[in-house]
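# Structure at a glance
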Amino acid sequence: MMGQQVAQGALFYSFRLDEHVPADHLLRRIDGLLDFGFVREALAASYSSTGRPSVDPELMLRMLLVGYLFGIRSERRLCEEVHLNLAYRWFCRLDLPDRVPDHSTFSKNRHGRFRQCDLYRLLFEQVVSRCAAAGLVAGRELAVDGSTIMADASHEKKLKGATAPDDLRAGDAVSRPVAEYLAALDAALPVNPDEPAPVEPMYVSPTDPQAALSCKHGPARYAYAINPLLDLDTDCILDVEATPARFSAEVTATRTLLSRAQAKLGIQPSSLAADKAYGSGPLLGWLVKQSITPYIPVIDRTRQRDGFFTRDAFTYDPDADAYRCPADKSLTYRGTVPSSQVRRYRSRAADCSGCLLKQQCTTARQRAIARLVNEDARDHVRALAGTEEYARARQRRKRIERVFGHLKRNLKLRSLKLRGLAGAAEEFTMAAAAYNLQLLSNRAAPV
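Residues numbered from 1 in each chain as written. Predicted model: local features only at pLDDT ≥ 70, side-chain atom pairs only at ≥ 80, totals over all residues. Heavy atoms only, no water.

Here the structure, examined in full by the defined rule, presents 0 disulfides. Left unpaired, C325 is separated from the closest cysteine sulfur, that of C355, by 5.9 Å. Given the relative accessible area of 14%, C325 is considered buried. (Disulfide = S-S within 2.5 Å. Buried < 20%, exposed > 50% of the residue type's maximum accessible area, 1.4 Å probe, protein only.)

Time to look at the packing of helix α10 (residues 247-265) against helix α11 (residues 281-289). Relative to each other, α10 and α11 sit at 15°, their axes nearing to 10 Å. With respect to their mutual orientation, α10 and α11 come out roughly parallel. Pair α10 / α11 crosses with left-handed handedness. Packed against α10, whose contacting residues are V251, T254, R255, L258 and S259, the element α11 presents P282, L283, W286 and L287 at the interface. Looking at the contact of α10 with α11 residue by residue, the class counts come to 6 nonpolar, 2 polar and 1 charged. (Axes fitted to C-alpha atoms, helices over the stretch in contact; angles between N-to-C directions. Helix = DSSP H or I, 4+ residues; strand = E, 2+ residues; numbered from the N terminus. Parallel < 35°, antiparallel > 145°, perpendicular 65-115°, else oblique. Left-handed = near helix turned anticlockwise from the far one by under 90°. Contact = heavy atoms within 4.5 Å. Nonpolar A, V, L, I, M, F, W, Y, C, P; charged D, E, K, R; others polar.)

The subject of this paragraph is empty space enclosed by the protein. Summed over all chains, the structure comprises 2 cavities of 30 Å³ or more. In this structure, the largest cavity encloses a volume near 120 Å³. Lining the largest cavity are 15 residues; nearest its centre among them are C325, A327, C352, C355 and C361. Among the residues making up the lining of the largest cavity, the classes are represented as 10 nonpolar, 1 polar and 4 charged. In this model, the second largest cavity occupies a volume close to 50 Å³. In terms of lining residues, the second largest cavity is bounded by L64, G67, Y68, I72, R73, E75, L78 and K417. Secondary-structure elements contributing two or more residues to the lining of the second largest cavity are α3 (57-69) and α4 (75-84). If one sorts the elements of the lining of the second largest cavity by residue count, α3 sits on top with 3 residues. (1 Å grid on protein atoms, 1.4 Å probe; cavity = no way out; pocket = protein on both sides within 12 Å on 5 of 7 lines; lining within 4 Å. Points joined across faces, edges and corners; volume = space filled by probe spheres on them.)

A few words on the pairing of strand β1 (residues 141-144). Neither face of β1 is left uncovered, since the one carrying E141 and A143 and the one carrying L142 and V144 both have all their residues buried. With 3 bridges joining them, β1 and strand β8 (residues 271-273) adopt parallel strand pairing. Its bridge partner being in β8, E141 is matched across the sheet by S271. (Pairing = 2+ DSSP bridges.)

The following block contains the structure:
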């Protein structure tokens, strides 16, 4: 006889959420890996001791983590999913009768107490510490790279970079991302001569002025760059930094990542692998001083002289701090250009005037050569290029591309929902924490 299911309301149910979450579910695997006690400790000063109890901040952080783990980008949809999904409810410590917080609660807390105490960074650091305890932080061979993530700003709306601050200040209303941009300009520190000089943008978005126009993936779009520091032995993200989508900002972030990893994790990496965009003299010199071997192609423009002797034809004498030309004449040091960190060397006009090789050397009265302040570090890295270790590191560096693929494809981090550099930093930090948790849960899972 064919059966027929008839819905019958019951007065009482015997139901336990824990019994309906599979033992191998991702949320069950990671639930025991984290201790959310730091949430109340970090936010204790932000809440009053009297009045009506607020929404539990641990509940909000757990819900946000669910969203990043399962690629749920909309917080409105996240609230619906937590309401319907039993595993999500179980992880968020919500029983069946408990109400899910409204989506607006996240915005109110994100721009207030959560950001003030850097709650997302605290969560990420706890995840990394758990990874270290599980043996996922070797800290020997590292890699760094940047990948563009589209900002929530229309490329059709733009202000001229030179006048953008004044135009934005003159507006009737100043949004939160604009206020953060103007505050960052007012608090800007003096330029570090060892770092690339900041580039004044040609255009600025009036919606998200801290984003940068990027043509990396087709037509120009406003974007930010996610910059992870990856442990090549374990694929664990040791740190992450958000920057505007500019190469100069990504290179500067490398120092921040390495310095913070050394301070927080106590690691002293032996090598760093990166692509050619990171092969600037100042960064290579800094890495060599830190005893970190740079497996990075050198940015080199010494061969861009068609029909003339390139700098390779001149021999540098470190003892005399001078170059010898192919005719065995000396090019002596004539000073340093501080803005570009370039040392200038020049021959004598008398030596060049009667030289038989002048037509192959220069059309000027004298031959000049530029040598970067960090040229010794560049020479050191050039010497590494033919070694087996260099080739191995360059091959292993590609592992970071798989991380970008996972973040964009599986965690849906293709575009940002939050505006401003602080919003980008929040999204990147939470996405990196979710990635590390998945990595850690796979390591802890029984075979």
